[in-house]
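Architecture at a glance
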Amino acid sequence: MDTNKIKLEVIGLSNSLSESGAYTLVLGNKEKDIHLPIVIGTFEAQAIAMELEKIHSHRPLTHDLMKNIMDTFGIALEEIIIEDFIEGIFYVKMMLNDGKVKHAVDARASDSVALAVKFNKPIYAVQSVIEQAGIVIEEHKAKEKEKISQRQLHEYTFEELEDFLQIAIEQEDYEKASTLRDEILLRKSRR
């Protein structure tokens, strides 16, 4: 595992236009101008949004229940680390401590982020994940108005896709940026 970790925070959460019932969670590091878009489900998005807005339900939801169990049994969440990105899937370890032993527990990115937000604990991604799936914003690049037409992604050149990716990032259209990033990664893997 890459040990060079970059600290991230929740930057945004929006409805997914491409998948019904899905949301795009954007993690980022403002100092490094890095965004990491992750498509997540409704329940995880709800848990994250409720915690960010400090809204509490009358009865514990799934992530509340998990936090309550961990608190009851003295299990501390220390941090989460997004440690790999393979075929469009993020692999995350939740670093737990029961007071005697530290444990690295495999978990979905969405659940891990929801718990990190609930416990107010840090979220990290290793450098290799940022390089594969992250979107780095070029601060001084001129904004272009060009948009992707109705042509299919495979009809565009690699260079055009990279230009469209930068435009999508600048327009904060993270869902489109995620789709373009995945197409670019697919093409790189075929080389």
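Let us look at the structure shown here. Remember, predicted model here, so these are calculated numbers, not experimental data.

**Points about the environment of Gly-134**
Summarising the element assignment, Gly-134 is placed in the loop between α4 (127-133) and β8 (135-136). Counting along the chain gives 107 residues from Gly-134 to Leu-27, while the straight-line C-alpha distance between them is 9.3 Å. With sequence-adjacent residues up to four places away left out, Gly-134 is seen in contact with His-35, Leu-36, Val-129 and Arg-181.

**Topic: the pattern of salt bridges**
In total, this model carries 10 salt bridges according to the counting rule given. Residue Glu-51 is joined to Lys-118 by a salt bridge in which the shortest nitrogen-to-oxygen separation is 3.1 Å. Of this pair, Glu-51 sits in helix α1 (residues 42-52) while Lys-118 sits in helix α3 (residues 109-119); the two residues are 67 residues apart in sequence, bridging distant segments of the chain. With relative accessibility at 11%, the residue Glu-51 sits in the buried group.

**Details of a nonpolar patch on the surface**
Side chains of Leu-65, Ile-69 and Phe-73 sit close together on the surface and give an oily, nonpolar patch of about 320 Å² of accessible area. The exposure class of Ile-69 is partly exposed, given its relative accessible area of 39%.

**Looking at the pairing of strand β7 (residues 123-126)**
Burial along β7 is two-sided: the residues Ile-123 and Ala-125 and Tyr-124 and Val-126 are all buried. Note that strand β1 (residues 5-15) and β7 share 4 bridges and pair antiparallel. Along β7, the bridge assignment pairs Lys-5 with Val-126. As paired elements, strand β4 (residues 76-86) and β7 share 3 bridges and run parallel to each other. When the bridges of β7 are listed, Ile-80 appears paired with Ile-123.

Conventions adopted
- The residue count restarts for each chain, going from 1 along the sequence in the order it is written.
- Residues qualify for local features only when their pLDDT is at least 70, as the model is predicted, and side-chain atom pairs are given and counted only at 80 or more; totals for whole chains, interfaces and linings, by contrast, use all residues.
- For the side-chain quantities, the full set of heavy atoms in the structure was used; hydrogens and water were omitted.
- What counts as a helix is a DSSP run of H or I of at least four residues, what counts as a strand is a run of E of at least two, and both are numbered from the N terminus.
- For this analysis, residues touch if any pair of their heavy atoms sits within 4.5 Å.
- Think of a salt bridge as a Lys or Arg side-chain nitrogen and an Asp or Glu carboxyl oxygen that are within 4 Å of each other.
- Exposure is judged per residue with a 1.4 Å probe applied to protein chains only, and the accessible area is read against the type maximum: over 50% gives exposed, under 20% gives buried, and values in between give partly exposed.
- In this scheme, patches are assembled from residues that exceed 30% relative accessible area and form no salt bridge. Like charges are connected within 9 Å, while nonpolar side chains (Val, Leu, Ile, Met, Phe, Trp, Tyr) are connected within 5 Å.
- Per-residue and other accessible areas were derived by the Shrake-Rupley procedure at a 1.4 Å probe size, with only the shown protein chains allowed to occlude residues.
- A strand pair is defined by DSSP finding two or more bridges across the two strands.

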